[in-house]
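Letter by letter, the chains look like this.
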Number of protein chains: 2
Amino acid sequence: MDNNLLILAPVAGILGLLFAAFLASKISKAEAGNDRMKEIAGYIHEGAMAFLTREYKTLAVFIVVVIIVVGLLINVYTALAFLAGAVFSIGAGYFGMQVATKANVRTANAAQHGQNKALEIAFSGGAVMGMSVAGLGLLGVGLFYLIFKDASIVTGFGLGASSIALFARVGGGIFTKAADVGADLVGKVEAGIPEDDPRNPAVIADNVGDNVGDVAGMGADLFESYCGAIISAVTLGAVVYASGEGVLYTLLLSAVGIVASIIGSLFVRGDEKANPHKALKNGTYVGSIIVLAGAGILSYVLFAGDLKPFFAVASGLIVGTLIGQITEVYTSADFKHVKKIAKQSETGPATTIISGLAVGMYSTMMPILFIAIAILLSFYITGGTENAQEIAKGLYGIALAAVGMLSTTGLTVAVDAYGPIADNAGGIAEMSGLPHSVREVTDKLDSVGNTTAAIGKGFAIGSAALTALALFASYSQAVQLTTIDLLTPMVLVGVLLGGMLPFLFGAMTMEAVGKAANQMIEEVRRQFKEIPGIMEGTGKPDYRKCVDISTGAALKEMVLPGVLAVVIPLVVGILLGPAALGGLIAGAVVTGVLMAIQMSNSGGAWDNAKKYIETGAHGGKGSPTHQAAVIGDTVGDPFKDTSGPSMNILIKLMTIVSLVFAPVFLKYGGLLLNILK
Amino acid sequence: MDNNLLILAPVAGILGLLFAAFLASKISKAEAGNDRMKEIAGYIHEGAMAFLTREYKTLAVFIVVVIIVVGLLINVYTALAFLAGAVFSIGAGYFGMQVATKANVRTANAAQHGQNKALEIAFSGGAVMGMSVAGLGLLGVGLFYLIFKDASIVTGFGLGASSIALFARVGGGIFTKAADVGADLVGKVEAGIPEDDPRNPAVIADNVGDNVGDVAGMGADLFESYCGAIISAVTLGAVVYASGEGVLYTLLLSAVGIVASIIGSLFVRGDEKANPHKALKNGTYVGSIIVLAGAGILSYVLFAGDLKPFFAVASGLIVGTLIGQITEVYTSADFKHVKKIAKQSETGPATTIISGLAVGMYSTMMPILFIAIAILLSFYITGGTENAQEIAKGLYGIALAAVGMLSTTGLTVAVDAYGPIADNAGGIAEMSGLPHSVREVTDKLDSVGNTTAAIGKGFAIGSAALTALALFASYSQAVQLTTIDLLTPMVLVGVLLGGMLPFLFGAMTMEAVGKAANQMIEEVRRQFKEIPGIMEGTGKPDYRKCVDISTGAALKEMVLPGVLAVVIPLVVGILLGPAALGGLIAGAVVTGVLMAIQMSNSGGAWDNAKKYIETGAHGGKGSPTHQAAVIGDTVGDPFKDTSGPSMNILIKLMTIVSLVFAPVFLKYGGLLLNILK
């Protein structure tokens, strides 16, 4: 194999970054609108950047501690890779957020000149985040592999990406939902002012939340999935193909993915009257087709005419798309499930909740079946057998399926991040008193964004499952386990404990949102009472204070779950041994994926049931049925935007912690086991 | 070993039944009160018996089909054992219910003469159910083992018990919650009449529901756990100890358990002023101590001075008690969690739901830790090692822990079934206009019943987990698997699919309650509108119609989940092979146990938060906080009384189906796997 070709991976990464920079400058040059718009956008920008800065400062302590631990227990190169992974993740978040908080006001301004102009700016804003994620990811992984030619060091990069992702998702999720619930409960319900009203002190925090949760948090999530999938395929590829094709195929495929994402994004343009969803879908389809073609050609060339690796990639890409589609069935008002929740809201909030929970539970079935099919196909197609010597072949196939699913991450993130930008644009339009027609345009873009967000979440979950399983396979290699046997008590106990962790994690994050929202509620009530003229629009609300509360609460509450996710695998690995830790990972993956699907889809379905009623069904806005649906939506907020999405990262982070610290478990693992014996 | 001693097992079973008969005749002889009381009790009795009769008729078809399938695919003796298991389970339910629906009115009557008299009758009623369950269970398992000396045939008995249990739990759960929600939503909320008001057409169905759900359903649940634990210990004991001590120890221990339960139940008596909870606890402690003593002596005698099996039994019994205690912490208003939910209800139903769900999720942590400890202790104490040859030793230890936990099933069921009898007594007192002091006595007994029910549920879940794991171990022996390796794709896929099933099952049962409740709501509304004078008490509501609706809906909705639980293991075993089926069982056990704990405890916590507010906290009855808590309680109804408890049975039934059909999987398993290869 000509390993010089490996250089193409970081090159493609840089290409992605250049494209992101190009888009960013295009956005910067666009007109930002009138002074009022600039003022409001300034508050949002400032709040978002302040949150990120404080978040990263908090994380600095964590990063330093992990660097020392990894440096001492593993080696200094892995510690360096960890630092790079963390810094790259932070960099992607920071840059993407900078641009997203510029794109929002420019989208609002462009919406005055029509839907297409607005779509272009909003999507470009999302694409900056997307291309930064993919570009920095492939640049980092590619460079570290190129320099060290050692997959175990590159794993450190994944650990850095994963740790930042967890904090970003949990912190961002708490921030956004505390602000959202606080703004809604006091502003809309108690004071009776509309959404995005500038008199509401929490309104800026709410808009900041869309950015830090749905743009930065989601970006960090996919950054780690993307890196994790590539790392696991590189690890397993190196085992299976001694002469390097396995690694090379993975990295070149990812390079093709970046090029495909760039080309795909150029196809996101529709005519003025068409549904913007069509434009977004066009781009995604073009990107996927290019990746499929590239994967086929690369497979044929690198593996001497063998198309098996290509089929594994294709199965991942297809299953990812199917999961996205089925997510839409369960969360869109065009289908029966959401309509059923709306109907059940007629008998009050209890039946809204029961039916929404049931829909979420039902919605786990098809994605799990799809994931199961992807596992079996990609394993057996690539020639895997259950023979201990040959199993790595099939596991490499599973990793390739994950890489395939994530190859167009640049596009996926772009489509996903475009939603909150459009949402923000609507808020800015409302607050700066732009004509109603502007809001109509942004609303249309936003509502498409809700669907694409649901699809993106399904995609993130599917890819997280495959990535975690591929990393799990790499872990077993690293700790030299040829079996992780469910018939041994240690593995059984591991599976039980691991299965419990997503429940614990879900409880912690849900409670965190509750606590933070309560603080926000009290602050908004206080401002309404104490600031003279606030209701008449003559007194100015203290937006900054509300942003501070969300920031403080989010940073405080993200620490414990984040630290637990890192510490628990270490403790279990050392006390109960590597086999128990293997069981822990498997258990956590299973319940984590299930809860992620259930929570995201219940939340999405409640949200859309409420919106469906607001279109006039079952009595429309303000009816008791609507009130019941609003309660469902409020319960769904932490489900779909905090706890649910955090599960993805939890399972990947725990897996990668186990992988990085494998040498420690090999040496010291199973202390308690030895005592029991 | 002197295998003649085996006869002591069925003898102890008969002893238990004789004691049940003695208690039943004592209850029959007690005074049933005035004519109005007898009339109302008659409706309840008639409704409950009518439900059981129709349920058993529906099940007859299922039983016949399974007999044919088992007879053809396995052998005729196993089919016979299946029939016996089903008939014994039905018999226990029928007899227990007969007596419970006599005890309720006699408890109400006795309550006129003081708390102690009422406690005695209510507890005796529960003890009839308890001793029938334990007596018939040990009689059946003991006899079949004595006759055939083949554990695989006895497994058929377990299959019979499990199938009936699933239908009884699901059907009973749907019946009781449909009636409860229907009676509450229309009667209490819409019409504004109090609970247990005879003008409410659904009031009899509601009281019938307490019997068919909480007495018969729960009895069938523990009947199968009890039989399952003994069967798994017998299966594994036969493997480990070729000369029969393993089997003998299991059966004699269970015999001691029945004697201990009889003696323990004699200690359930308090003085007039004391908390009835104390009397119930006294009985349980006495029973447990006798079992511990017996387990120690038997271990010493049968295993030539070796106390290791005793320690395994003790670990199970202690962990079962601890799980019960921790359940109380999460579901009783004496502790912070329930108080927090009550406090969160101040900001409306959304925060009630979020905090209740979070409490349920948190509450999984300690029970899982306890179960993990029990597994490790009982495995390693009995000399298990992870060596493939020696693993059975440790697995036998785990099975013994389950047998230990369930040895006093007679008492556990008695304490659990006493609650709904006291609840029914209160309803009868209310409807027949007895003085308020009578209701106070029954309310006190009932409120203790709520706590014991929560503890009993925790106990049922813990024992189900251990039983399922022990049966899982037996399954692996039966299909000749020495490993079930999480690193193979088939097992991974099995675990994912298995983990999903409790979510699917939860969705189905929750929706079933919703549908049935809707029918009930419409019928009650219709009667209020169409029957003249119903509100004035001159027109007579059509109780029977409401009972019919609950019955019809329950029987219709129980079929699909019940059939799925039997069919899915068969399909997976045949298509994907025994290893994938092993994964399926493990995955289902993990998420099933977690969801059972979460749902039961969330439901219990919501219920008690509402009751806590009703004592005057946070604004008391009728306040907005109370209304929010009522919504939480309504969501909790299907959680704690339908979906949650059904999970226990689902996982045990799927395991035992796999065990019984092991020969089929050995011969035909893995069709799809062969195609993929």
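Please read these numbers as outputs of a predicted model, since none were measured by experiment.

A.B. asks: Any chance you could explain the overall build of chain A here in plain terms?
C.D. replies: Counting its secondary structure elements, chain A contains 21 helices and zero strands. Against the compact-globule benchmark of 26 Å for 677 residues, chain A has a radius of gyration of 24 Å, which places it among compact chains. Across its three principal directions, the C-alpha atoms of chain A cover 75 × 55 × 45 Å. Considering only residue pairs separated by 6 or more positions, chain A has 84% of its internal contacts joining residues 24 or more positions apart. Split by element, the accessible area of chain A, about 20,400 Å² in all, is 63% carbon and sulfur.

A.B. asks: Is there a simple way to think about the interface of chain B and chain A in this case?
C.D. replies: Interface extent is often summarised as the accessible area lost during association of the parts. At the junction of the two partners, chain B supplies 71 residues and chain A supplies 71 residues. Carbon and sulfur atoms supply 84% of the area buried between chain B and chain A, which totals about 6,900 Å² over both sides. When the buried surface of chain B facing chain A is broken down by residue, B:L487, B:L496 and B:F503 rank first, second and third, together holding 11% of it. The interface formed by chain B and chain A includes two salt bridges. For A:E511, the salt bridge goes to B:K340, with nearest N and O atoms at 2.9 Å. Remark: the boundary between chain B and chain A carries six residue pairs in polar contact (both at pLDDT 80 or more). In terms of residues, the side of chain B that touches chain A owes the most to one element, helix α16 (residues 489–530) of chain B, which gives 18 residues. Considering only residue class, the side of chain B that touches chain A consists of 52 nonpolar, 14 polar and five charged.

A.B. asks: Would you explain the UniProt feature "site: Determinant of potassium dependence" (unreviewed entry) in chain A in this entry?
C.D. replies: In the numbering used here, UniProt assigns the feature "site: Determinant of potassium dependence" (unreviewed entry) to A:A453. Position of A:A453 relative to the elements: it lies in helix α15 (residues 436–478).

A.B. asks: Is there a simple way to think about the relation of the copies chain B and chain A in this case?
C.D. replies: A rotation about some axis, followed by a shift along it, carries one copy of the chain onto the other. Note on the identical chains: chain B maps onto chain A by a rotation of 180° and an axial translation of 0.0 Å, with an RMSD of 0.0 Å. The superposition of one copy onto the other is thereby described by a two-fold rotation axis. Taking C-alpha positions as reference, the residue of chain B nearest the rotation axis is B:D485, located at 2.3 Å.

A.B. asks: Quick question: what am I supposed to make of helix α10 (residues 336–344) of chain A here?
C.D. replies: Side chains that are three or four residues apart share a direction in an α-helix, a result of its 3.6 residues per turn. Taken as a whole, α10(A) has its buried residues at A:H337, A:V338, A:I341, A:A342 and A:Q344. The arc that holds every buried residue of α10(A), seen down its axis, measures 165°, which confines them to one face. The secondary structure elements touched by the buried residues of α10(A) are α9 (308–331), α11 (349–362), α18 (578–614) and α19 (624–660) of chain A together with α16 of chain B.

A.B. asks: Please explain unusual backbone geometry as it appears in this structure.
C.D. replies: In most cases, non-glycine residues show a negative phi, while peptide bonds are predominantly trans. Unusually for a residue other than glycine, A:A304 sits at a positive phi of about 55°. The class of A:A304 is exposed, set by a relative accessible area of 72%.

A.B. asks: Whenever I open this one, the packing of aromatic side chains confuses me. Can you help?
C.D. replies: For any pair of aromatic rings, geometry is given as the distance between the ring centres together with the angle between the planes. Inspection of the entire model under this criterion finds 32 aromatic pairs over all chains. Here the aromatic rings of A:W606 and A:F639 are separated by 5.7 Å at their centres, their planes lie at 65°, and the arrangement is edge-to-face. Of this pair, A:W606 sits in helix α18 while A:F639 sits in helix α19, and the two are 33 residues apart along the sequence. Both residues of the pair, A:W606 and A:F639, count as buried. Measuring from centroid to centroid gives 5.0 Å for B:F51 and B:F175, while their planes differ by 65°, and the two rings are edge-to-face. On the criterion of sequence distance, the pair formed by B:F51 in helix α2 (residues 35–73) and B:F175 in helix α5 (residues 151–191) is long-range, its members being 124 residues apart. When sorted by exposure, B:F51 lands in the same class as B:F175, which is buried. Through pairs of rings, three or more aromatic residues link up here, namely A:Y77, A:F88, A:F144, A:F148, A:F157 and A:F223.

A.B. asks: Would you mind going over the environment of A:T634 with me for this structure?
C.D. replies: Mapped onto the secondary structure, A:T634 falls in helix α19. Overall, A:T634 belongs to the buried group, its relative accessible area being 15%. Excluding its chain neighbours within four sequence positions, the residues that come into contact with A:T634 are A:V181, B:A350 and B:I354.

A.B. asks: How should the packing of helix α4 (residues 115–148) of chain A against helix α5 (residues 151–191) of chain A be read in this particular structure?
C.D. replies: A pair of packed helices is characterised by two quantities: the angle between their axes and the separation of those axes. All names here are of chain A. Close contact between α4 and α5 brings their axes to 9 Å; oriented N to C, the two are set at 155°. Classified by the interaxial angle, the pair formed by α4 and α5 is roughly antiparallel. α4 and α5 meet at a crossing whose hand is right-handed. Contacts between α4 and α5 involve L136, G137, G140, V141, F144, Y145 and F148 on the former and, on the latter, A151, I153, V154 and F157. Its residues placed into classes, the contact of α4 with α5 shows nine nonpolar, two polar and no charged.

A.B. asks: Would you explain the environment of A:H618 in this entry?
C.D. replies: All names here are of chain A. With respect to the secondary-structure elements, H618 resides in the loop between α18 and α19. Residue classification places H618 among the partly exposed residues on the basis of a relative accessible area of 25%. Between the alpha carbons of H618 and E346 there is a distance of 7.2 Å; along the sequence they are 272 residues apart. With sequence-adjacent residues up to four places away left out, H618 is seen in contact with K339, A342, K343, E346, Y612, I613, S623 and T625. Reaching out from H618, the side chain makes a polar contact with the side chain of E346 at a distance of 2.8 Å.

Conventions used here
- Residue positions within a chain follow its written sequence, with the count starting from 1.
- Each chain gets a letter, beginning with A, and each ligand a number, beginning with 1, in the order they are written.
- Totals for whole chains, interfaces and linings use every residue, but because this is a predicted model, local features are given only for residues with pLDDT of at least 70 and side-chain atom pairs only at 80 or more, for both listing and counting.
- The basis for every side-chain value is the complete set of heavy atoms in the structure, and neither hydrogens nor water enter the calculation.
- Where helices and strands are cited, they refer to DSSP runs of H or I of at least four residues and of E of at least two residues respectively, numbered from the N terminus.
- Just to be clear, the radius of gyration here is over C-alpha atoms, and the globule rule we use is 2.2 Å times residues to the power 0.38.
- Residue contacts follow a heavy-atom distance rule, with two residues in contact if any of their heavy atoms lie within 4.5 Å.
- We get accessible surface area from the Shrake-Rupley algorithm with a probe of 1.4 Å; when it comes to residues, only the shown protein chains can shield them.
- Buried area counts how much accessible surface, traced with a 1.4 Å probe, disappears from two parts once they are put together, with both parts' losses summed.
- Throughout this description, the term salt bridge denotes a Lys or Arg side-chain nitrogen within 4 Å of a carboxyl oxygen of Asp or Glu.
- Whenever two N or O atoms come within 3.5 Å, that pair is a polar contact, provided that in protein one can donate a hydrogen and the other can accept it, and provided that, for residues adjacent in sequence, both atoms are side-chain atoms.
- Note on residue categories: nonpolar means Ala, Val, Leu, Ile, Met, Phe, Trp, Tyr, Cys or Pro, charged means Asp, Glu, Lys or Arg, and polar means any other residue, Gly included.
- UniProt positions are given in the numbering used here, feature names are shortened, and annotations may be inferred rather than shown by experiment.
- Copies are brought into register by a least-squares superposition over C-alpha atoms of residues with pLDDT of at least 70 in both.
- Three labels apply to residues, based on accessible area from a 1.4 Å probe with only protein chains included: buried if under 20% of the type maximum, exposed if over 50%, partly exposed otherwise in between.
- This arc is taken over the directions from the axis of the helix to the C-beta atoms.
- Ring pairs are drawn from Phe, Tyr and Trp, using the six-membered ring of Trp, whenever the two centres fall within 6.5 Å, and their geometry is named by plane angle: stacked under 30 degrees, edge-to-face over 60, tilted for the rest.
- Note on definitions: angles span 0 to 180 degrees between N-to-C directions of axes, and those axes are lines fitted to C-alpha atoms, for helices only across the stretch in contact.
- To sort the angles, those under 35 degrees are grouped as roughly parallel, those over 145 as roughly antiparallel, those from 65 to 115 as roughly perpendicular, and the leftovers as oblique.
- For any helix crossing, the convention is left-handed if the near helix is rotated counterclockwise from the far helix by under a right angle, and right-handed if that rotation is clockwise.

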